Each structure stands twice: as structure tokens, then as C-alpha cells.
Amino acid sequence: MYPPPRKDFIALNLGDPHSHAYNNGKHRRQSCWRRWKQLSRLQRSLILFLLALLLILALLSYPSITEQWRGLSDKEDWLEVNDRGLNMVPPGLKPVLRPAEGKPPAPVAGPHLEPAEGPPDTMEPRGPNIPALAKPPTKRKPFLNKRASPSPQKDAANPDAVSEAKQNPEVVLKEAGEEEEENEKKIVSWRGAMIEAEQATEPPPSANEKEAVEPQAPANPAATVPQQVSPGTPERLEAVRDAFRHAWKAYKEYAWGHDELKPISKSFSEWFGLGLTLIDSLDTMWILGLKEEFAEARSWVEKELSFDKNVDVNLFETTIRILGGLLSCYHLTGDQLFLDKAKDIGSRLMPAFKTPSKIPFSDVNIGKGTAHPPRWTADSTLAEVTSIQLEFRELSHITQDPQYQDAANEVMRLVHKLPGKHDGLVPMFINTNSGQFSHKGVFTLGARADSYYEYLLKQWIQGGKTEDDLLEDYLQAIEGVKKHLVRQTGPGRLTFVGELSHNRFNPKMDHLVCFLPGTLALGAHNGLPGDHMDLAVQLMETCHQMYKQMETGLSPEIAHFSLQASDGHDVIVKPADRHNLLRPETLESLFYMFRFTKDSKYRDWGWDILQSFNKYTKVSGGGYTSINNVRDPANPGPRDKMESFFLGETLKYLYLLFTDDLELLSLDKYVFNTEAHPLPIWPSPPK
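Residues numbered from 1 in each chain as written. Predicted model: local features only at pLDDT ≥ 70, side-chain atom pairs only at ≥ 80, totals over all residues. Heavy atoms only, no water.

## A closer look at the overall build of the protein chain
The helix and strand inventory of the protein chain stands at 19 helices and 20 strands. The buried share among the 687 residues of the protein chain stands at 55%. Summarising the internal contacts of the protein chain: among those between residues at least 6 apart in sequence, 69% fall at separations of at least 24. Accessible surface, the protein chain as shown: approximately 30300 Å² in total, 53% of it carbon and sulfur. (Helix = DSSP H or I, 4+ residues; strand = E, 2+ residues; numbered from the N terminus. Buried < 20%, exposed > 50% of the residue type's maximum accessible area, 1.4 Å probe, protein only. Contact = heavy atoms within 4.5 Å. Areas by Shrake-Rupley, 256 points an atom, 1.4 Å probe, with all protein chains shown as cover.)

As C-alpha cells, this is what we get:
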């Protein structure tokens, strides 16, 4: 230790190089350096570490010190935002934006899609009751282009991704409740995906940017105040009508009278050349109250629709979409035009049943009156030959001509007694020559078999619950499903329905299987065992998770499920299965589940799906498109095709899910065919 400096040194002019004080100070600096060099390396390292630590602590304390200096500025910003019309939220809280009174919530644009419509100061957050806390205020900077893409496949530093974000900032916004900061600087998407954070902290949006950004999920949910975010029923119903009008506008302009719209290229594609989308949509327009659009479509049916064409059509698709759609319109409107057209197409489809086995061919030439199997096989798929019965039976019921019902019922009688079932489960193919199952040993509730099980129950209900063979086959099949196909995932214990291939279980589930919760609930409503409803509730949750765990909020066409608890995710999507075709099955089941339980969460789940359709599939020039990749919100990959069932089923079930008029198409009076066309339940015969 050096002795304290003498007072006479302090009194001297320290800046004079000739003074004794200056020279003495120089001597002391040299003495300090010699003593520093005499220290061991360990001692010097320890001293430098302590100095560095003190410097770091000083820097870290800087934001907390300056925070109070900025408090007044933040308060002024808050008051300024309030003056512009937003809800008052104190500094430190983010506002939960609500739809404007009496106005539908604004749809959100996606890539190649149209900008959001509606009031600029509204944004509908996902899900009910999502409170939000803000991060500590920081210096306000441009915000939108700093948002990281939610896709786990996309690198945040990828210049292409940044370019895409600049062109379409909406596609990279996180949904409400979608982010949660953790010590490891991860973000947990509300859909379950783990995403690397681009930055540890982000500046909050400016007052103008708050109009386009949804609130973030808090790190501590218990510290928040619940807020109501769900729009009322009128707004949701109007949002469905708006979606239909948007799709119909493009169909009318670019594909009028043709089978399907190609919304990206603003053209059309032809399948049978029978105006498939138009006929499939007729009863939807009637149910939604779109009188002008319905009148235009009816005029086309009256003046332009002709079945006298030399064209091959698929028996199943023509039956469920065209025959079913015409029969439904006849019952809803009482307009004889639709019944006449239904009889015309029904009679032209009858040659399909002229086979050695009475199992119908898959294809019919409705102009020549001939039928044939596909060119590559003599088989028909089981779902196709057993999912035409509701329509043909109804055609006989209203025309009093038994030929249609007799032909359809004969198929069910043959399948009822066929060998080759596995505890009620049926193979996917049946031979039109022998009438026997083919390709045995493979059992699924997905493609090629799904609606067989659906129509067992619905025919029994349609006929007044008198046909015991149908009920017996249905009950046995559900027991077979529970015994052989139902499993639970390892991570989240989600219940799902897999497939069986020669006694080997495959944890694969098509989106098509999401019809099953609604069908099970319908059976329980009609007096079938209560455990059917229990299974329906569990499967409905799984179908919901197939949407929720995807970055776009849209389900893949096919999902695989993890059986091991050590796996990180319940739902696994292979690259070839990531497309979404705007399918209705989950919304169909949500409709049934809400009707029978009145649980509003099913409505909220449906609303989330509609919002995702608007965000990622809505096309600016009109229409909606299927997409290639539900895991990539920055580039979902439009497929340029709008299936007719988007208008015929998807939007119809959404509307029926949201309406408070539970007598609109009461499930005690109507049964829906597999294309969502309601047909009346026949009165029970007197006992």
C-alpha cells in the first residue's frame, strides 16, 4: 500500500511537467506498473475478472435506471392511442382488440391473397379469453418485418423469407397467445411447434401498428385479466356469408357453369361438365339466405343444365353431389324443377347396377346408358358402392318408383352377409363380378371405406330406425374400431383411429376420419350406447389438434401419431401429406358436437378454422384455393383449385355451427348425406 499523498503535492500545479508533483506522479505510475508485473498470473486474472464483472453489472443496470425516465413518454403514448379510439389499457398491458359493433371481423390476407377487409382498427384474436401483457417498453422501431416466420422449416436469416415477409407482412404475424418467452429463448407456438426466437426481445408495435398486430400470450397467465375476444353469432354468420360471396364472385366470373374454379389462374377445370360447383352449392345459398345468388343459379339449372351428354361420370360423386344436391333443394324450396332434374339424373345412373353381382360399376356414361369399371380393375371401392343409398332411397320415396331404392338396398344386403369382415370392419374393395371383398386384410376408416360406416347409421335413421341389419352392422363396426383401431398418443394422450394392415397397426389417420366424432355423437343422440359419445369427445379433440398444432392452423390431409411418450409431438406430418384441400369433415363433426352438447368451445374451434382459411387460402381476385403445405405459413403453396365441397359442405357446416336457430335443419328431422345435403327423415311406420 502506498502512503497517502502529502498535502504540499496536492497544492502544487499538477499540470506543470517541471513541477515536483508531476515528476513524483510519473514515478508512482512506474512503481505501480512494476508492482503489477510482480503479481502472479492468477492474481492478475482474478483482478481483471472482477473489473469486467463490475462493468457488466453496470451495463445491465442501465435499462432499469432509464426505464423510469421513459415512463412519462409511454403514458403519453397510451393516452394518445386512447384518443384515437382504442380501448384504454394502462402502460405495461397490450390491448385486446375487438370487432367493431355490428360489423363482421376482418379477414386476414395470406401470400398471393387479398388484403384484410373491414375496419382498420379491428383484429380478431384466436381463441376465447386470451389476455395479454406487454413486454417492457423500449424504443419504438419499425416492427412488422422483424417478425420471425412461424415455420420451423424456415430460417429467419433466409433472405427469401425476409423478402416474402416484406411483401406480405400479414403472413408472419404470430396469433394471439402464440408466443411465450422461456429461459432457453424458445417460442412455443399455440399450435405446438417449437420455434427459435429471432431476438431475445422485440420492440412493441407503434400505435399505428397495433391495428394489425394481435396481442401476445403472457409469460405468467395467472397475472393477467381475462378479456372476452369471441365475436357474437351475427358477426360469425356474416363472416361465413362473406366467404361464400367471395368464392361465388370468382366462380361466377371465371368458371360459370363449369365444374370447378381455378382461382389463381382465374379459369376452370372440368370433371364431368355438369356444373358441379353450382349444383353442390344450391342448398348452401338457400340456407345462408343468399337469394340473389340462388336465383342466378336456379336460372342456370333451368336453362342450361342438361344430362343428355356423352360423358362418363363417377357413380358415387355424381350421386352425392348432383343427385343429393337436387333432392335437397327440392325439399328446402318445394320447386318442382329440382325434382325433375333429380329424376333425370337418377334414371341415367341406373345402368351402373347392371352387373353380374348387383354391385354397381364405378363409372356410367349418362348419355349412352352404359356403365363399366375403371380401366385398370374390375373392383369398386366399398365406400362408393355403399354411400349412394340415402339418395337413391329418397328418390324412390318421393317418386314412389321403387327401382332406385331396390337397387341400393340390394347392395347393402349383399355386403351385410359377406365373409371377410374383421369384427365389423370391412376391406376397401369389392369385385363387381364376384360380389366378394378383394384385397382383404386392410382396414381403415379413411379413404375408400369411410362413408360405409357413416351410411349404416344414417340409413337406419332415415328409415325410421326400423332396419335392424343396418343397426347391427353399425354397432359391430364401432366395436371393431374400438378394439383394433383406437389408440392414444404417447406425449399428449390424444385418442386417434389408425389403420390395420394384415394385423399390423399403422398410426395413420386421414383427415377424412374426422367425420367419425359427428357420426358417433349422432348415434348417441339416437339412443345408441353412451360410450360412443365419450369416444366422440376424445376424437373431436384430436381432430382439433390436427389443426391447432399446424403453423397455419389448417390440418394436413393425413396425420401420423407418436405412440412413444418420449416423442416431442403428438402429430407427425410427412412431406407428401402436408396439403389441405379445404375439407369439411372436422367442421361437420364440430356442428354435430355443438348441437348435442351446446359447448361453445366447438364454435370457437370452428371460428379458428375459418380465420385460417381466410388467412392462408383466400385469393385476392375471388375464391379460395387448396394449399400444398400447412407447415409453412410464409409459403403455403396455392394449388389453384377450389373443390366444389368447399361451398357445398365446408361453409354450410360453418354456418350451421354458428347459428343460434337450432331448429334450422333439426337433426331430429333431417339426415345429411356425405356431401352435407340434408334429406328428410321418414316418419316411423305405425307399430
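## Some details on the nonpolar core
A general trend in soluble globular proteins is that nonpolar side chains are found buried together. Within the largest apolar cluster, 147 residues are counted, with the highest numbers of intra-cluster contacts made by Leu278, Leu282, Phe392, Leu445 and Val497. The contact partners of valine 497, leaving out residues within four places of it in the chain, are Leu445, Val481, Leu485, Val486, Lys508, Met509, Val513, Leu516 and Leu539. (Core = buried A, V, L, I, M, F, W, Y, C linked by side-chain atoms within 4.5 Å.)

## Structural notes on unusual backbone geometry
In this structure, lysine 358 takes a positive phi of about 75° despite not being glycine. Residue classification places lysine 358 among the partly exposed residues on the basis of a relative accessible area of 43%. Despite not being glycine, arginine 448 shows a phi value in the positive range, around 80°. Take arginine 448: it is sitting in the loop between β11 (442–443) and α13 (450–462).

## Focus on the pattern of salt bridges
In this structure the tally under the stated criterion is 28 salt bridges. Across the pair lysine 458 and glutamate 588 runs a salt bridge, and its minimum N-O distance is 4.0 Å. Note that lysine 458 is positioned in helix α13 and glutamate 588 in helix α17 (residues 585–597), a separation of 130 residues in sequence. Given a relative accessible area of 4%, glutamate 588 falls into the buried group. One salt bridge in this structure joins glutamate 499 and lysine 508, with 2.9 Å as the shortest N-O distance. Residue lysine 508 is classed as buried on the basis of its relative accessible area of 16%. Here the salt bridges share partners, and the residues they tie into one network are Glu238, Arg241, Asp242 and Arg245. (Salt bridge = Lys/Arg side-chain N within 4 Å of Asp/Glu carboxyl O.)

## A look at the packing of α13 against helix α15 (residues 516–525)
Across the interface, α13 lies against α15 with an axial gap of 10 Å and an inter-helix angle of 30°. In terms of axis orientation, α13 runs roughly parallel to α15. In the packing of α13 onto α15, the handedness of the crossing is left-handed. Every residue of α15 that contacts α13 at Glu454, Leu457, Lys458 and Ile461 is listed here: Thr519, Leu522 and Gly523. Taken together, the residues of the contact of α13 with α15 sort by class into three nonpolar, two polar and two charged. (Axes fitted to C-alpha atoms, helices over the stretch in contact; angles between N-to-C directions. Parallel < 35°, antiparallel > 145°, perpendicular 65-115°, else oblique. Left-handed = near helix turned anticlockwise from the far one by under 90°. Nonpolar A, V, L, I, M, F, W, Y, C, P; charged D, E, K, R; others polar.)

## A word on helix α11 (residues 389–399)
Extensive coverage of α11 is indicated by the burial of eight of its eleven residues. Residue glutamine 400 follows α11 closely and has a positive phi angle near 60°.

## Observations concerning the sheet that holds β11
Spatially, β11-β14-β15 is the arrangement adopted by the three strands of the open sheet, whose pairing is antiparallel. Strand pairing shows two members of the sheet lacking a second neighbour, β11 and β15 (504–506), which therefore form its edges. Relative to strand β14 (residues 499–501), β11 runs antiparallel, the two sharing two bridges. The residue of β14 that forms the bridge with valine 442 is serine 501. (Pairing = 2+ DSSP bridges.)

## So, the state of the cysteines
Here, disulfide denotes a covalent bond that connects the sulfur atoms of two cysteines. Under the defined criterion, the tally for this structure stands at one disulfide. In this model, cysteine 514 is linked to cysteine 543 through a disulfide, with the two sulfur atoms separated by 2.1 Å. On the sign convention where negative is left-handed, the bridge of cysteine 514 and cysteine 543, at about -105° about the S-S bond, is left-handed. Here the residue cysteine 514 occupies a position in the loop between β16 (508–510) and α15, and cysteine 543 occupies one in helix α16 (residues 530–548), the gap between them amounting to 29 residues. (Disulfide = S-S within 2.5 Å.)

## Quick notes on the packing of aromatic side chains
This structure, assessed with the given rule, holds 21 aromatic pairs. Taking the centre distance of 5.5 Å and the plane angle of 85° together, the rings of phenylalanine 353 and phenylalanine 392 count as edge-to-face. A residue pair is termed long-range when its members are at least 10 positions apart, and phenylalanine 353 in the loop between α9 (336–349) and β6 (363–365) and phenylalanine 392 in helix α11 qualify at 39 residues. Phenylalanine 353 sits in the buried class, given a relative accessible area of 7%. The class for phenylalanine 392 is buried, based on a relative accessible area of 0%. Between the NZ or CZ atom of arginine 487 and the centre of the ring of phenylalanine 505, over which it lies, the distance is 4.2 Å. (Phe/Tyr/Trp six-rings, centres within 6.5 Å; stacked < 30°, edge-to-face > 60°. Lys NZ or Arg CZ within 6 Å of the ring centre and 35° of its normal.)

## Let's talk about the sheet that holds strand β7 (residues 370–372)
Strand order in the open sheet formed by three strands is β5-β6-β7, and the pairing between neighbours is antiparallel. Each having just a single partner strand, β5 (312–314) and β7 make up the two edges of the open sheet. Across the sheet, the mean angle from the axis of one strand to that of its neighbour is 30°, orientation sign disregarded. Relative to β7, β6 runs antiparallel, the two sharing three bridges. Across the sheet, residue asparagine 365 finds its bridge partner in β7, namely threonine 370. Strands in contact with helix α8 (residues 315–333) are β5 and β6; relative to β5, the strand with the most contacts, it is inclined by about 70°.

## Comments concerning the environment of glutamate 675
Locating glutamate 675 in the fold gives a position in the loop between β19 (670–672) and β20 (678–680). Residue glutamate 675 is classed as buried on the basis of its relative accessible area, which comes to 3%. When sequence neighbours within four positions are dropped, the list of residues in contact with glutamate 675 reads Asp280, Ile320, Arg321, Ser644, Phe645, Gly648, Glu649 and Lys652.

Coordinates in, geometry out; function isn't part of it.
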